[in-house]
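Coordinate analysis (summary)
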Number of protein chains: 2
Amino acid sequence: MRELVVGAAQLGPIARDEPRESAVGRMIALLEDAAARGCRLVVFPELALTTFFPRWYTEDQAEIDAWFETDMPNAATRPLFERAKSLGVGFYLGYAELTIEDGRTRHYNTAILVNAGGRIIKRYRKVHLPGHAENEPWRAFQHLEKRYFEPGESFFEPVNAFGGEIALAICNDRRWPEIYREAALRGAEMVLLGYNTPVHYPPAPEHDHLQGFHNHLVMQAGAYQNGMWVVGVAKAGREEGCDLIGESCIIAPTGEIVALCSTLGDELITAPCDFDRCAEIRSNVFNFALHRRPQLYPLLSADDPSSLQG
Amino acid sequence: MRELVVGAAQLGPIARDEPRESAVGRMIALLEDAAARGCRLVVFPELALTTFFPRWYTEDQAEIDAWFETDMPNAATRPLFERAKSLGVGFYLGYAELTIEDGRTRHYNTAILVNAGGRIIKRYRKVHLPGHAENEPWRAFQHLEKRYFEPGESFFEPVNAFGGEIALAICNDRRWPEIYREAALRGAEMVLLGYNTPVHYPPAPEHDHLQGFHNHLVMQAGAYQNGMWVVGVAKAGREEGCDLIGESCIIAPTGEIVALCSTLGDELITAPCDFDRCAEIRSNVFNFALHRRPQLYPLLSADDPSSLQG
């Protein structure tokens, strides 16, 4: 048995004018609760330091950049790093990352994994950016991730930490079965992911009532079909007039939801996660080496699937 | 709107000594009911003509071959083909196929799609054979598909029929997210599949109570994540002392189960399936061209994923 008690620390809404220090204070309260309940790893949402700013269109780059972090930790987040270290708890944190690489300014939707010693041991930049790049005034609100971020180029390689092999993903990544399989083929035993998911999806509002169902469906399937733990954590509730789903959860390698948030506010759920349970699935029905037929999946990795089609 | 009324024709158990003619008679009764309810396509289970013989070990090849069909249609199944043609209804039928190809005798777990004119327009040979190849007497019953069949080499290419693009799969195929994605990248709008799934899974009996959940989870995720209709049809009930799950269903491109069997016997469910509804999903949240990142999924198509790992 390799058991890790994990906390999923859902956040309620963060107002546009709520300072990062306030959001960090809320996270520290959840972290302390988690430590008291035996957690050694706590998962916070995507873009957990501010309101979900991609809902607004602006051409003012300075206004956009103000939502980003240029250093991590920084003055606002250092108290979280320090408190976590003093408690011996690691964490996953999503934030907007502004960095200069190869002489160019980059904007990423990023998540980090911090170990119990306060050190960043994994940085992941969101690969599947949803939404659109131009202002679409017909929408009740925008979803401009394709405008404000550039896509990450990370593979879904896990890091050995907390007694297991842990991969990171963010929000819309979770809808894609490819990410769980890539991570599992690389040995992942647990995927951590934060999300901000509006109830209302302007291109297909006839599916709004299914947001909660779809959220769980994709994560439960990813867990079961790869024999992995999945921890999905929302920023939830009515944020600046936009309703975000909650239903943060911890999912076993069987696909069963073993802990579930029941509010749309700040809320902690915990579960003991035994990494050894992955083998129940991965050594049997989803034994990849025995049963997968990759030669019959030529389109999955193809840059241009139509070019390979028979 | 491109609407097709589809029938999922679940079968109850078929006893070891029940002749094919009897199974065919049961299927004709379901087919006639389906035609009366407006169906133009009826889906029957995997290996629908006989009992699920891979549960028994034998080294007597003649005994095995007796479960196979060397021609299709043949004397036993011709009445089904003829009745279907006279009703103007097409069908999916699973059976054990014995054929000679390239000078060698082949055994496949096969499904065919027959059009409303009685012509076989697609043949699919099961790609993901579950189970094992040797006798394992510790099991309450065997699952010798890896012994009695050779794996098919079919891609998941759909055929244009019944007003849409239709792909075939069989039983254990449905657990693999790869098949839905391969089919969808090839334009599939509907996947038809039959199954024989024991409640008891000897290698991990601690999951037996989850068989129904897993059955629906994988098919619903496959439908939603690819914006496709999925029709899954069981041979169900207590067959020669072995309990098989039922819960045959028709699943919309939203992942919602829109029709569900509620018995373990011969039972027909129907639903009007509009192929145009695939676009609600495939043009939006799962717009592959806009959102997939195949360059970051190098392992999915790799013959030996470990050789590519960073």
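Heads up: these notes are all about the structure in this document. Being a predicted model, the structure only gives us computed values, none of them experimental.

**Points about the interface of chain A and chain B**
Listed as interface residues are 64 residues of chain A and, on the opposing side, 64 residues of chain B. Across the chain A to chain B interface the summed buried area is about 5,700 Å²; carbon plus sulfur atoms make up 59%. Linking chain A with chain B are 6 salt bridges, by the criterion used here. Measuring nitrogen to oxygen at the nearest pair gives 2.9 Å for the salt bridge that ties Arg293(A) to Glu153(B). Linking chain A with chain B are 35 residue pairs in polar contact (both at pLDDT 80 or more).

**Describing the sheet that holds strand E13 (residues 257–260) of chain A**
All names here are of chain A. Ordered by their spatial adjacency, 6 strands build an open sheet running E6-E7-E8-E9-E12-E13, and the pairing between neighbours is mixed. Across the chains shown, the open sheet's two edge strands, defined by having one partner strand only, are strand E6 (159–161) and E13. When the angles between neighbouring strand axes are averaged without regard to direction, this sheet yields 25 degrees. As judged from the 3 bridges shared by strand E12 (residues 249–251) and E13, these two strands associate in the antiparallel manner. By the bridge assignment, Ile251 is partnered in E13 with Ile257.

**Let's talk about the side chain of Asp173(B)**
All names here are of chain B. Tracing the sequence through the fold places Asp173 in the loop between strand E7 (164–170) and helix H5 (177–185). At a separation of 2.8 Å, a polar atom in the side chain of Asp173 contacts the side chain of His128. In this structure Asp173 touches Tyr124, Lys126, Val127, His128, Phe156 and Ile179, once residues within four positions along its chain are discounted.

**Quick look at the packing of aromatic side chains**
This structure, assessed with the given rule, holds 24 aromatic pairs over all chains. Their ring planes at 70 degrees and their centres at 5.0 Å tell us that Trp176(A) and Phe286(B) sit as a pair that is edge-to-face. Remark: Phe286(B) occurs in the loop between helix H7 (278–282) and helix H8 (288–291) and Trp176(A) occurs in the loop between strand E7 (164–170) and helix H5 (177–185); the pair is interchain, linking two chains. Where Phe288(A) meets Trp176(B), the ring centres are 6.4 Å apart and the plane angle is 65 degrees; that geometry is what we call edge-to-face. Remark: Trp176(B) occurs in the loop between E7 and H5 and Phe288(A) occurs in helix H8 (residues 288–291); the pair is interchain, linking two chains. Per residue, the accessibility class of Phe288(A) equals that of Trp176(B), and both read buried. Through a chain of ring-to-ring contacts, three or more aromatic side chains come together here, namely Phe53(A), Trp56(A), Trp67(A), Phe68(A), Tyr148(A) and Phe149(A).

**Section: the packing of helix H6 (residues 211–226) of chain A against helix H6 (residues 211–224) of chain B**
Running from N to C, H6(A) and H6(B) point in directions that differ by 115 degrees, and their axes come no closer than 9 Å. Seen from above, H6(A) lies across H6(B) with left-handed handedness. Residues Phe213(A), His214(A), Leu217(A), Val218(A), Gln220(A), Ala221(A), Tyr224(A) and Gln225(A) of H6(A) form the contact with H6(B), whose own contacting residues are Phe213(B), His214(B), Leu217(B), Val218(B), Gln220(B), Ala221(B) and Tyr224(B). Considering only residue class, the contact of H6(A) with H6(B) consists of 10 nonpolar, 5 polar and no charged.

**Description of helix H3 (residues 78–87) of chain B**
Residue and element names in this part refer to chain B. Every buried residue of H3 is listed here: Leu80, Phe81 and Ala84. Take H3 and look down its axis: the buried residues cluster within an arc of 100 degrees, on one side only. In H3, the exposed positions angled more than 90 degrees off the buried face are occupied by Glu82 and Ser86. On its buried face, H3 is in contact with helix H1 (20–36), strand E3 (90–101), strand E4 (104–114) and strand E5 (120–125). Of the residues flanking the end of H3, it is Gly88, one or two places downstream, whose phi is positive at about 70 degrees.

**Focus: unusual backbone geometry**
Cis geometry is adopted by the peptide bond preceding Pro73(A), which originates at Met72(A) and carries an omega value of 0 degrees. If you trace the backbone, Pro73(A) turns up in the loop between helix H2 (61–65) and helix H3 (78–87). Notably, Leu47(A) is not glycine yet its phi reads approximately 40 degrees, a positive angle. In this structure Leu47(A) comes out as buried when scored by relative accessible area, which is 1%. Residues other than glycine seldom take positive phi values, yet Cys171(B) does so here, at roughly 45 degrees. Looking at where Cys171(B) falls in the secondary structure, it is placed in the loop between E7 and H5. Assessed through its relative accessible area of 4%, Cys171(B) is described here as buried.

**Overview of the relation of the copies chain A and chain B**
Mapping chain A onto chain B leaves a residual RMSD of 0.0 Å; the transformation is a rotation of 180 degrees accompanied by 0.0 Å of translation along its axis. Seen this way, the second copy is the image of the first under a two-fold rotation axis. When you check the interface residues of chain A against chain B, 100% turn up at the interface there too, and the contact is symmetric in its surfaces.

**Things to note about the pattern of salt bridges**
All names here are of chain A. Taken as a whole, this structure holds 54 salt bridges over all chains when the rule is applied. Between Arg106 and Glu150 there is a salt bridge, and its shortest N-O distance comes to 3.5 Å. Residue Arg106 is found in strand E4 (residues 104–114), and its partner Glu150 is found in the loop between helix H4 (145–148) and E6; the two are separated by 44 residues along the sequence. Classification of Arg106 by relative accessible area gives buried; the value is 10%.

**Some remarks on H5(A)**
Three- or four-residue spacings in an α-helix give side chains the same orientation, since the helix completes a turn every 3.6 residues. Residue and element names in this part refer to chain A. Judged by how many residues are buried, H5 sits mostly within the fold: 9 of 9 residues are covered. Within H5, the full set of buried residues consists of Pro177, Glu178, Ile179, Tyr180, Arg181, Glu182, Ala183, Ala184 and Leu185. Phi for Gly187, located one or two positions after H5, is positive at around 100 degrees.

**Describing the pairing of E7(B)**
Residues and elements named next belong to chain B. For E7, the buried fraction is high: 6 of the 7 residues fall into the buried class. With 3 bridges connecting them, strand E6 (residues 159–161) and E7 associate as antiparallel partners. Counted as the bridge partner of Ala161 is Gly164 from E7. Hairpin connection, E6 to E7: the antiparallel pair is bridged by 2 residues, and Phe162 has positive phi, about 55 degrees. Relative to strand E8 (residues 190–195), E7 runs parallel, the two being bridged by 5 bridges. The residue of E8 that forms the bridge with Ala167 is Val191. Taking the sense of rotation as the criterion, the β-α-β connection linking E7, H5 and E8 turns out right-handed.

**Considering the packing of H1(B) against H3(B)**
All names here are of chain B. Remark: H1 packs on H3, axes separated minimally by 10 Å, with the N-to-C direction vectors making an angle of 10 degrees. Viewed along their axes, H1 and H3 adopt a mutual orientation that is roughly parallel. Together, Val24, Met27, Ile28, Leu31, Glu32 and Ala35 of H1 and Pro79, Leu80, Arg83, Ala84 and Leu87 of H3 make up the contact between the two elements. Here the residues of the contact of H1 with H3 sort into 9 nonpolar, no polar and 2 charged.

Criteria and cut-off values
Residues numbered from 1 in each chain as written. Chains lettered and ligands numbered in written order. Predicted model: local features only at pLDDT ≥ 70, side-chain atom pairs only at ≥ 80, totals over all residues. Heavy atoms only, no water. Contact = heavy atoms within 4.5 Å. Buried area = accessible area lost by both parts, 1.4 Å probe. Salt bridge = Lys/Arg side-chain N within 4 Å of Asp/Glu carboxyl O. Polar contact = N/O pair within 3.5 Å; in protein donor to acceptor, adjacent residues only side chain to side chain. Pairing = 2+ DSSP bridges. Helix = DSSP H or I, 4+ residues; strand = E, 2+ residues; numbered from the N terminus. Axes fitted to C-alpha atoms, helices over the stretch in contact; angles between N-to-C directions. Phe/Tyr/Trp six-rings, centres within 6.5 Å; stacked < 30°, edge-to-face > 60°. Buried < 20%, exposed > 50% of the residue type's maximum accessible area, 1.4 Å probe, protein only. Left-handed = near helix turned anticlockwise from the far one by under 90°. Nonpolar A, V, L, I, M, F, W, Y, C, P; charged D, E, K, R; others polar. Arc of directions from axis to C-beta. Least-squares fit on C-alpha atoms with pLDDT ≥ 70 in both. Right-handed = clockwise from strand over helix to strand, strands pointing away. Parallel < 35°, antiparallel > 145°, perpendicular 65-115°, else oblique.

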